[in-house]
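Descriptive structure summary
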Amino acid sequence: MRFFLNGHPEEIDANPAARLLDVLRVNCGLTGTKEGCSVGVCGACTVLMDGQMISSCLTLAVLADGKDLRTVEGLAQPDGTLSPVQQAFIDYGGFQCGICTPGMVTAATALLEANPRPTEDDIKEWMMGNLCRCTGYYKIIASIQGAAARLRGEEAP
């Protein structure tokens, strides 16, 4: 299989019937993407395929052939500094145990790429496929609002 992974061309020999989640974690060594529920409802395994959010635990690896994939590891800046979304999750306390965080950050990145000025209702609707059992969501919403402001060059709330 050939695909771009976090901006770099990859060619791997993997079972095309394997889950994309397993290929990313085992074959590619990228363990940031987490397995939460294994049935596509928690969002912990969210990655971007050609800019669209997908549940990698439900996606066959063969569907990634020829695609552009971005995982949480590919969200940082080229120099290694955290993206504004990643930094906002730290600054605003948008995570606790860390299991949902990669999927939350990836989904929030996709949201802000699609809508740089989301309302609180926009954020809630977009993120409803990403579950967190620790935070209660208020700090996640604040993290996304803060990241949105930073990306627009405004002072973050």
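Preceding this section is the structure that the text describes.
Residue numbering note: each chain is counted from 1, following its sequence as written. The predicted origin of the model limits local features to residues at a pLDDT of at least 70 and limits the giving and counting of side-chain atom pairs to 80 or more, whereas totals for whole chains, interfaces and linings rest on all residues. Hydrogens and waters are ignored; side-chain quantities use all the structure's heavy atoms.

1. Here's the deal with the pattern of salt bridges
Put simply, a salt bridge is a Lys or Arg side-chain nitrogen that is within 4 Å of an Asp or Glu carboxyl oxygen. Considering all chains together, one arrives at nine salt bridges under this definition. Between Glu11 and Arg2 there is a salt bridge, with the nearest N and O atoms lying 3.4 Å from each other. In this structure, Glu11 and Arg2 share a single accessibility class: exposed. Among the ionic pairs, Glu113 bridges to Arg70, the shortest N-O distance being 2.8 Å. One end of the pair, Glu113, is in helix α3 (residues 101-114); the other, Arg70, is in strand β5 (residues 68-70), with 43 residues separating them in the sequence. Relative accessibility under 20% of the residue-type maximum defines a buried residue, over 50% an exposed one, and the middle range a partly exposed one, all with a 1.4 Å probe and only protein chains included. A run of H or I in DSSP becomes a helix once it reaches four residues, and a run of E becomes a strand once it reaches two; helices and strands are each numbered from the N terminus.

2. Topic: the nonpolar core
When a protein is soluble and globular, its nonpolar side chains tend to lie buried together. Of all hydrophobic cores here, the largest spans 21 residues; its most connected members are Val85, Phe89, Met104, Leu112, Met127 and Ile144. Mapped onto this core, the elements with two or more residues apiece are α2 (84-91), α3, α4 (120-127) and α5 (138-151). Top element by residues in this core is α3. It accounts for six residues. Residues count as neighbours in contact if any of their non-hydrogen atoms are within 4.5 Å of one another. If we skip the residues at most four places from it in the chain, Met104 touches Phe89, Met127, Asn130, Leu131, Cys132, Tyr137 and Ile140. Here, nonpolar core means buried Ala, Val, Leu, Ile, Met, Phe, Trp, Tyr and Cys residues that are tied together by side-chain atoms lying within 4.5 Å of each other.

3. Let's talk about the pairing of strand β1 (residues 2-5)
Covered by surrounding structure in β1 are Phe3 and Leu5 only, the residues Arg2 and Phe4 on the alternate face being uncovered. Pairing between strands requires that DSSP locate at least two bridges from one strand to the other. Both β1 and strand β2 (residues 8-11) contribute to a ladder of four bridges, which runs antiparallel. Within β2, the position partnered with Leu5 by the bridge is His8. Of the strand pairs in this sheet, β1 and β5 are connected by two bridges, and their pairing is parallel. What sits directly across from Phe4, in β5, is Asp68.

4. Focus on the pairing of strand β3 (residues 46-49)
Each regular strand displays side chains that alternate between the two surfaces of the sheet. Burial along β3 is two-sided: the face carrying Thr46 and Leu48 and the face carrying Val47 and Met49 are both buried. Bridging between β3 and strand β4 (residues 52-55) involves four bridges; their strand directions are antiparallel. Residue Met49 lies in a different strand from β4, and its bridge partner there is Gln52. What sits between the antiparallel neighbours β3 and β4 is a turn of two residues, in which Asp50 has the positive phi angle 50 degrees. Across two bridges, the pairing between β3 and β5 is antiparallel. Its bridge partner lying in β5, Met49 is registered against Leu69.

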